[in-house]
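In case you want the letters, here they are:
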Amino acid sequence: PSPEEGFLARLAHCLTGGAELVQLRAPELNQKRVDEVAKAALSLCHDYGATLLVNTTPDQATAWGTGGVHLSSSRLMQLATRSLPAELLLGASCHSASELRHAEVIGCDFAVLGPVKVTASHPETRPLGWPAFEELVNHCCLPVYALGGMRPSDLSVARDAGAQGLAMISGIWDAPDPTAAVAAVTTG
């Protein structure tokens, strides 16, 4: 199977496990392939009653008919206003107090904050650690999900630190059984 077909099969396993909110990030694909994958992922998410957020512009997300947008921290800081209809979700990746504040100011619905722990996707980035995560979340009015090196087993410590929940890539995607990994987080 193509990498895109493998992605869609893995996504189906995650949705079977109970994933309700999925973010599509595909910076390595050209626009035509992103369009195709987004449409296929959106169809799968609809089949399972899940919401698909895309890491793209609000205009593109609206054109695809997705449930909203997830902003990178750089895209977040470029926006002065929400620029997305209220019925669509707007999330943002944040790494500092100033980014969390900006997410609040422009009207984001939630943020992911990290990396909390060492992560393979950004090994050069110094992790926040749980005490700093908790301090930042305590001064934020948005629901915040812990990101960076997360595993399903981190759910209770994340909640104790004020997290709404966990945001994961490898903790679920690379799990031997993604269906079980998702279920561990959604039922925890």
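Residues numbered from 1 in each chain as written. Predicted model: local features only at pLDDT ≥ 70, side-chain atom pairs only at ≥ 80, totals over all residues. Heavy atoms only, no water.

1. Observations concerning the packing of helix α1 (residues 3–16) against helix α2 (residues 31–48)
And then number 1: Across the interface, α1 lies against α2 with an axial gap of 10 Å and an inter-helix angle of 20°. Classed by the angle they form, the pair α1 and α2 counts as roughly parallel. Between α1 and α2 lies a crossing whose hand is right-handed. On the side of α1, the interface is formed by Glu-4, Phe-7, Leu-8, Leu-11, Ala-12, Leu-15 and Thr-16, while α2 contributes Arg-33, Val-37, Ala-40, Ala-41, Leu-44, Cys-45 and Tyr-48.
And then number 2: Its residues placed into classes, the contact of α1 with α2 shows eleven nonpolar, one polar and two charged. (Axes fitted to C-alpha atoms, helices over the stretch in contact; angles between N-to-C directions. Helix = DSSP H or I, 4+ residues; strand = E, 2+ residues; numbered from the N terminus. Parallel < 35°, antiparallel > 145°, perpendicular 65-115°, else oblique. Left-handed = near helix turned anticlockwise from the far one by under 90°. Contact = heavy atoms within 4.5 Å. Nonpolar A, V, L, I, M, F, W, Y, C, P; charged D, E, K, R; others polar.)

2. Things to note about the sheet that holds strand β6 (residues 144–147)
And then number 1: Sheet architecture is open: seven strands sit in the order β1-β2-β3-β4-β5-β6-β7, paired in parallel fashion. The open sheet is flanked by β1 (21–24) and β7 (165–167), the only strands paired with a single partner. Ignoring which end each strand starts from, the neighbouring axes of this sheet average 30° apart.
And then number 2: Inspection of the sheet shows β6 paired to β7 by three bridges, in the parallel sense. Residue pairing across strands places Leu-147 opposite Ala-167, the latter belonging to β7.
And then number 3: Packing of α2 onto the sheet brings it into contact with β1 and β2 (51–54), and relative to β2 it is tilted by some 155°. (Pairing = 2+ DSSP bridges.)

3. Section: unusual backbone geometry
And then number 1: Going from Gly-114 to Pro-115, the amide bond is cis rather than trans, its omega being 5°.
And then number 2: In this structure, Ser-83 takes a positive phi of about 55° despite not being glycine.
And then number 3: Note on placement: Ser-83 falls in the loop between α4 (73–78) and β4 (89–94).
And then number 4: Judged by its relative accessible area of 41%, Ser-83 is partly exposed. (Buried < 20%, exposed > 50% of the residue type's maximum accessible area, 1.4 Å probe, protein only.)

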